[in-house]
Amino acid sequence: MDLAQLLSAAAGGRFPPADGGVTVVPQPSARDAGVVAFTAHSVVFTDEDPGWVRATLAALDCDPLAAAMHPRFLAALLERTGRTMDTIDLLTVAAPLSGDPPVRLSELTDPEHPRVRRALRHRDEVRVWTAGGGIVIVGRGVAGRWETAIEVDEDARHRGLGRALATAARHLVPAGEPVWSQQAAGNARSIRAFQAAGFRPVASEALMDLGS
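Novice: Explain the packing of helix α2 (residues 50-58) against helix α3 (residues 71-81) to me, using residue names and the numbers behind them.
Specialist: Each packed pair of helices is defined by two parameters, the angle between the axes and the distance between the axes. At a minimum axis distance of 10 Å, the contact between α2 and α3 shows a crossing angle of 145°. Judged by the twist between their axes, the crossing of α2 over α3 is right-handed. Judged by residue contacts, Trp52, Val53, Thr56 and Leu57 of α2 engage Phe73, Ala76, Leu77 and Arg80 from α3. Among the residues forming the contact of α2 with α3, the class breakdown is 6 nonpolar, 1 polar and 1 charged.

Novice: Could you give me a rundown of unusual backbone geometry, with the residues and numbers involved?
Specialist: Most peptide bonds are trans, and most residues other than glycine sit at a negative phi. If you check the backbone angles, Glu125 has positive phi at about 50° while not being a glycine. Positionally, Glu125 belongs in strand β6 (residues 124-131). Judged by its relative accessible area of 52%, Glu125 falls in the exposed class.

Novice: So, the pattern of salt bridges: which residues are in play, and what are the values?
Specialist: Taken as a whole and assessed by the stated rule, the structure comprises 8 salt bridges. Notably, a salt bridge pairs Arg31 with Asp124, separated by 3.5 Å at the nearest N-O pair. Highlighted residues: Arg31 in the loop between β1 (21-25) and β2 (33-38) and Asp124 in strand β6, separated in sequence by 93 residues. Its relative accessible area of 41% is what places Asp124 among the partly exposed residues.

Novice: Please set out the side chain of Asp32 residue by residue, giving values where relevant.
Specialist: Mapped onto the elements, Asp32 comes out in the loop between β1 and β2. For Asp32, the contacting residues outside a window of four places in its chain are Gln27, Phe45, Arg83, Gly141, Val142, Ala143 and Leu207.

Novice: Could you give me a rundown of the packing of helix α5 (residues 161-172) against helix α6 (residues 188-196), with the residues and numbers involved?
Specialist: In the contact formed by α5 and α6, the axes pass within 8 Å of each other and the chain directions differ by 50°. Classed by the angle they form, the pair α5 and α6 counts as oblique. Where α5 crosses over α6, the two elements pack in a sense that is right-handed. Residues Gly162, Arg163 and Ala166 of α5 touch α6, and the partners they reach there are Ala193, Phe194 and Ala196. When the residues that make up the contact of α5 with α6 are grouped by side-chain class, the tally is 4 nonpolar, 1 polar and 1 charged.

Novice: How would you summarise the side chain of Ser181 if you had to cite specific residues and measurements?
Specialist: Looking at the secondary structure, you find Ser181 in strand β9 (residues 179-184). Within the structure, Ser181 has its side chain in polar contact with the side chain of Gln183 (distance 3.2 Å). Ignoring any residue separated from it by four or fewer positions in sequence, one finds Ser181 in contact with Leu90, Leu91, Thr92, Thr148, Phe194 and Phe199.

Novice: Residue-level account of the packing of aromatic side chains, with values.
Specialist: Applying the stated criterion to the full structure yields 3 aromatic pairs. For the pair Phe194 and Phe199, a centre-to-centre distance of 5.0 Å together with 85° between the ring planes defines the contact as edge-to-face. The buried category is assigned to Phe194, whose relative accessible area is 2%.

Novice: Run through the sheet that holds β6, naming residues and quoting values.
Specialist: A sheet is described by the order of its strands in space; here 10 strands give the open sequence β1-β3-β2-β10-β4-β9-β8-β7-β6-β5, paired in mixed fashion. Here the strands that pair on one side only, and so sit at the sheet edges, are β1 and β5 (106-108). Put simply, the sheet's adjacent strands are angled 30° from each other on average, direction ignored. Pairing of β6 with strand β7 (residues 134-140), which is carried by 6 bridges, proceeds in the antiparallel orientation. In the sheet register, Ala131 faces β7, and the bridge partner there is Gly134. Sheet strands in contact with α2 are β1 and β3 (41-45), and its direction is about 155° off that of β1.

Novice: Please give an account of α5 that cites residues and values.
Specialist: Spanning 12 residues, α5 covers 16 Å between terminal C-alpha atoms, matching the ideal 16 Å at 1.5 Å per step. Buried residues along α5 sit in contact with β4 (88-94), β6, β7, β8 (146-152), β9 and α6.

Novice: Residue-level account of the nonpolar core, with values.
Specialist: Counting 21 residues, the largest nonpolar core has Val103, Leu105, Val136, Leu165 and Phe199 as the members making the most contacts within it. Where this core is concerned, the elements lending two or more residues are β6, β7, β8 and α5. Among the elements that make up this core, the one with the highest residue count is α5 (6 residues). Beyond its immediate stretch of four places on either side in the chain, Val136 contacts Leu105, Arg127, Val128, Trp129, Thr148, Ala149, Ile150, Leu165, Ala169 and Leu172. Ranked by size, the runner-up nonpolar core spans 19 residues in total, among them Val22, Ala37, Val53 and Phe73.

Procedures and definitions
- Residues numbered from 1 in each chain as written.
- Predicted model: local features only at pLDDT ≥ 70, side-chain atom pairs only at ≥ 80, totals over all residues.
- Heavy atoms only, no water.
- Axes fitted to C-alpha atoms, helices over the stretch in contact; angles between N-to-C directions.
- Helix = DSSP H or I, 4+ residues; strand = E, 2+ residues; numbered from the N terminus.
- Left-handed = near helix turned anticlockwise from the far one by under 90°.
- Contact = heavy atoms within 4.5 Å.
- Nonpolar A, V, L, I, M, F, W, Y, C, P; charged D, E, K, R; others polar.
- Buried < 20%, exposed > 50% of the residue type's maximum accessible area, 1.4 Å probe, protein only.
- Salt bridge = Lys/Arg side-chain N within 4 Å of Asp/Glu carboxyl O.
- Parallel < 35°, antiparallel > 145°, perpendicular 65-115°, else oblique.
- Polar contact = N/O pair within 3.5 Å; in protein donor to acceptor, adjacent residues only side chain to side chain.
- Phe/Tyr/Trp six-rings, centres within 6.5 Å; stacked < 30°, edge-to-face > 60°.
- Pairing = 2+ DSSP bridges.
- Expected span 1.5 Å × (residues − 1).
- Core = buried A, V, L, I, M, F, W, Y, C linked by side-chain atoms within 4.5 Å.

Structural data, given as structure tokens:
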């Protein structure tokens, strides 16, 4: 399987075997490389030599189940590829919903808007909507999957807007397509909002960006 197939299967509840193994697959695009760690099975998506990946993992003095997300492996992969990364995220997914979103949205159409430009660094076919102190972003990200991200202004928090925006994303993707989202492990507020909106955790993900 390639990464797109592995992600599609996971969205449907079919995961790699929990056998402690590591699968190495090619990058789905020049932009995207990294690691997805499912339960007791990790997937490294890179165009680097799979032999180097496996040798580097085997040399780590750590629990093999944690090796692909070990800081030393991630640092070695970043150095070898000349890439950068921000953090390890919780990777979540939800099924699409029919009908209208639960909040009134206004679409941003200015391609030079800072939030649109930032989203275009990581996604294709990006669309951005605003709603009373928050925004919701939808676009095609890693391996062509539909992804969403939300932002809520500080003075609009604690009113359920984050949950409403995350739910709205499920109405904004094409019918039959799951929608993915990443939350930093320490961002409990975002994790709660997405889980309240029906997103379920499936893996952790370290996404590596092209160097500047």
